[in-house]
Protein chains: 2
Amino acid sequence: MTVEEKRDETLWFTERADEAGMGLQLRIHERLHHEQSDYQRIEIYDTTSFGKLMVIDGFVMLTDRDNFVYHEMMSHPVLFTHPAPKRVVVIGGGDCGTLREVLRHPGVEEAIQVEIDERVTRLAEQYFPELCDSNDDPRARLLFEDGIEWMRNAPDGSVDVIIVDSTDPVGPAEGLFNRAFYEQCHRALGDGGLLVQQSESPLLHLELIKAMRAAMQDGGFAACHTHQFPQPTYPSGWWSATMARKGRGFEGFREDDAARRGFETLYYTPEVHRGALAMPPFFCKATGQKG
Amino acid sequence: MTVEEKRDETLWFTERADEAGMGLQLRIHERLHHEQSDYQRIEIYDTTSFGKLMVIDGFVMLTDRDNFVYHEMMSHPVLFTHPAPKRVVVIGGGDCGTLREVLRHPGVEEAIQVEIDERVTRLAEQYFPELCDSNDDPRARLLFEDGIEWMRNAPDGSVDVIIVDSTDPVGPAEGLFNRAFYEQCHRALGDGGLLVQQSESPLLHLELIKAMRAAMQDGGFAACHTHQFPQPTYPSGWWSATMARKGRGFEGFREDDAARRGFETLYYTPEVHRGALAMPPFFCKATGQKG
């Protein structure tokens, strides 16, 4: 739900998570853009303290100020877990911020972004140009089509890492959170290949996380592991991503490569990565994940 | 600022952090209590999804649902860093949740809570009784007096660990964030003794954290280290505490004792502790802390 209100002569954007009994407000100067694309309602705001803000169907997608945590934690942990990721696919991720982080890895030979709504990317180019820095990288391919369909057509074993950087499991992204999709991902991955998907708040969405983990395993994945990070402009300010692996479990990650990564990060380090993997007891008890 | 509003037939409590350009809303059934104590305005709400909520001067203090993270991360990291904490003082902490966590450590011989406003504790006993579970422990002493004055009168070297669990550095807690107070803490601590203090949001309050760290070192502390944790009902959902040590630096913590702690925790584990110490590069760059 998007509510604009005038009070104390200031404007506030409000996202209410009614079922979670929680709401987030960001103070804004003005709304810069709004449109109904073929898929969803997209709005851009200029906030007083978080830079630009993109909202889809009333939900905060990203702000200038805090998107770095999400984009780094959706890409570097999974890429440093795979022994040598060369072919990477981002499903969704139309703001191009995840694609940019993926392309920081020199070993990546091809990074394909499959975003269903081209308008998200065009607006990101206009309002979040720094996230689109790598769109001209010769290794990048930007496709505007249905990620579920793309995955169905991907040759067996042709992908090393799949990053599902989607909106919440309502609307266009609903089909990205079920067994049928995970089976196709599993088939398209090579042995030891990895899927990672944003998996909502560890505090608010435990049931969704449990269902997602079960569906990943039903889809053929040998193991999964959820990691956590702060995300101040998402509900509860506490977010997660879940990795699933084909054919084998998780035995650490390439810590030495991560330490010598040779590119700048604002949130990610190997120590932060290790810390993010350490989930709290209440979470492990609910999901069956080892600490 | 507290705003109650009726919209869509639901009531919402709103805390606006105007200077941070951010606000938090919690959906409520009703306000159960409000009063102006000698020190501050205290309100208790019944929320739809976070259980009871305590608000002081318009700022969220705690909810039933998420206070466990804060209370565990204010107590267990510092207590497992000290080699053998026996005498522990909590400055503030009137809801008694930190005191309860401190008393889970069997080696603690005396835990003194010095809260200026007795009304906070009386309301906690009424509305958050589980946080007051340990108030009758023979090792507990509840004092209702000024923590700054108490610290000034504490004998030299008489305390092992000081936990400053206060409101924000405005109003009654202002005097807990400066060099004069830290000098008294330093004097009252034994060699290797530790102070820990809540230090606001790593994203929103970097300047405050830098000033606090500098004041701790000016006050005589040999080293300080900030750690992070989620706190969904505080601004940005991302919070921190800063430990300062007398006479020596930080060389790890008692990981084996933490692993064999013998009491239940919902958030804390030694792996979570290690992860919390790993602060992100943007933070380390701004504060000079090592990763």
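Residues numbered from 1 in each chain as written. Chains lettered and ligands numbered in written order. Predicted model: local features only at pLDDT ≥ 70, side-chain atom pairs only at ≥ 80, totals over all residues. Heavy atoms only, no water.

Re the UniProt feature "binding site: S-methyl-5'-thioadenosine" (unreviewed entry) in chain A
All names here are of chain A.
So, step 1. The sites that UniProt annotates as "binding site: S-methyl-5'-thioadenosine" (unreviewed entry) are Gln-40, Glu-115, Asp-146, Gly-147 and Pro-172.
So, step 2. Along the chain, the position of Asp-146 falls in the loop between β9 (140-143) and α4 (147-153).
So, step 3. We classify Asp-146 as partly exposed; its relative accessible area is 32%.
So, step 4. Non-local contacts of Asp-146, meaning those with residues more than four positions away in its chain, are made with Val-114 and Ile-116. (UniProt positions renumbered as here; feature names shortened; annotations may be inferred. Helix = DSSP H or I, 4+ residues; strand = E, 2+ residues; numbered from the N terminus. Buried < 20%, exposed > 50% of the residue type's maximum accessible area, 1.4 Å probe, protein only. Contact = heavy atoms within 4.5 Å.)

What to know about the relation of the copies chain B and chain A
The second copy of the chain is related to the first by a rotation about an axis and a shift along the axis.
So, step 1. With an axial shift of 0.0 Å and an RMSD of 0.0 Å, the rotation relating chain B to chain A amounts to 180°. Here the symmetry operator amounts to a two-fold rotation axis. Proximity to the rotation axis, assessed at the C-alpha, singles out Gly275(B) in chain B; its C-alpha lies 1.7 Å from the axis.
So, step 2. Most of the interface of chain B is mirrored in chain A, where 96% of its interface residues again form contacts. (Least-squares fit on C-alpha atoms with pLDDT ≥ 70 in both.)

With respect to the interface of chain B and chain A
Quite often, the size of an interface is put as the accessible area lost when its parts meet.
So, step 1. Counting residues at the interface gives 51 residues for chain B and 49 residues for chain A.
So, step 2. For the chain B and chain A pair, buried surface summed over both sides reaches about 3700 Å², with 58% attributable to carbon and sulfur atoms.
So, step 3. On the chain B side of the interface with chain A, the three residues burying the most area are Arg16(B), Gln25(B) and Leu203(B), jointly 15% of the side's total.
So, step 4. Across the chain B-chain A interface, the total number found is two salt bridges.
So, step 5. Where Asp18(A) meets Arg27(B), a salt bridge forms, and the shortest distance between an N and an O atom there is 3.4 Å.
So, step 6. Linking chain B with chain A are 14 residue pairs in polar contact (both at pLDDT 80 or more).
So, step 7. When residues of the side of chain B that touches chain A are traced back to their parent elements, those giving at least two are β1 (2-7), β2 (10-17), β3 (22-36), α1 (67-81), β12 (223-230), α8 (270-277) and α9 (281-287) of chain B.
So, step 8. By residue number, the principal contributor to the side of chain B that touches chain A is β3(B), which donates six residues. (Buried area = accessible area lost by both parts, 1.4 Å probe. Salt bridge = Lys/Arg side-chain N within 4 Å of Asp/Glu carboxyl O. Polar contact = N/O pair within 3.5 Å; in protein donor to acceptor, adjacent residues only side chain to side chain.)

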